[in-house]
Amino acid sequence: MEGELARARVVVIMRYVRTMVGKSLRKRCNELEIPWVACTGSGRASMVRAIEQAILLAWRQSTFAQAGQ
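Residues numbered from 1 in each chain as written. Predicted model: local features only at pLDDT ≥ 70, side-chain atom pairs only at ≥ 80, totals over all residues. Heavy atoms only, no water.

Trainee: Just checking my understanding: could you explain the overall build of the protein chain for this structure?
Mentor: Within the protein chain, the secondary structure is distributed over three helices and two strands. Listed by position from the N terminus, the elements making up the protein chain come as α-β-α-β-α. Principal-axis analysis of the C-alpha atoms gives the protein chain an extent of 40 × 25 × 15 Å. Relative to its full complement of 69 residues, the protein chain shows a buried share of 22%. Taking as baseline every contact in the protein chain between residues at least 6 positions apart, the subset at least 24 positions apart corresponds to 64%. Surface summary for the protein chain: the accessible area is close to 5300 Å², and the carbon and sulfur share equals 55%. For the protein chain, the centre of its 11 positive side-chain charges and the centre of its 5 negative side-chain charges are spaced 8 Å apart. (Helix = DSSP H or I, 4+ residues; strand = E, 2+ residues; numbered from the N terminus. Buried < 20%, exposed > 50% of the residue type's maximum accessible area, 1.4 Å probe, protein only. Contact = heavy atoms within 4.5 Å. Areas by Shrake-Rupley, 256 points an atom, 1.4 Å probe, with all protein chains shown as cover. Lys, Arg positive; Asp, Glu negative; His and termini not counted. Charge placed at Lys NZ, Arg CZ, Asp CG, Glu CD.)

Trainee: Any chance you could explain the packing of aromatic side chains here in plain terms?
Mentor: Counted under the stated rule, the structure contains zero aromatic pairs. Lying over the aromatic face of W36, R26 brings its terminal NZ or CZ to 5.8 Å of the ring centre. (Phe/Tyr/Trp six-rings, centres within 6.5 Å; stacked < 30°, edge-to-face > 60°. Lys NZ or Arg CZ within 6 Å of the ring centre and 35° of its normal.)

Trainee: What's the story with helix 2 (residues 19-31) in this structure? I'm lost.
Mentor: An α-helix turns once every 3.6 residues. As a result, residues three or four positions apart point the same way. Taking 1.5 Å as the rise per residue, helix 2 with 13 residues should run 18 Å; its terminal C-alpha atoms sit 18 Å apart, in good agreement. Every buried residue of helix 2 is accounted for by G22, L25 and C29. Down the axis, helix 2 shows its buried residues gathered within 65° of arc, on one side only. Along helix 2, the residues that are exposed and aim more than 90 degrees away from the buried face are T19, M20 and K27. Buried residues along helix 2 sit in contact with helix 1 (2-7), strand 1 (11-13) and strand 2 (36-38). Directly after helix 2, the chain includes E33, whose backbone phi takes a positive value near 60°. (Expected span 1.5 Å × (residues − 1). Arc of directions from axis to C-beta.)

Trainee: Before we go on, may I ask you to explain the side chain of S46 in this structure?
Mentor: The residue S46 is located in helix 3 (residues 44-67) in this model. Not counting the four nearest positions on each side in its chain, S46 is found in contact with C39 and G41.

As structure tokens, this is what we get:
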């Protein structure tokens, strides 16, 4: 998990992730200041919405980073 988080700009946590794994993943994301998006539904539309939200967050991060340079 650490190797993947080192490269991540945003994490999507799907509903199917086990409770303690999700808890530790959210905690580690918060420690590393990586935003995370919860996928609250179980259908395809919910998953797509969560992924689109994560993409938007990642895009905003890159836009703000470029503006600050």
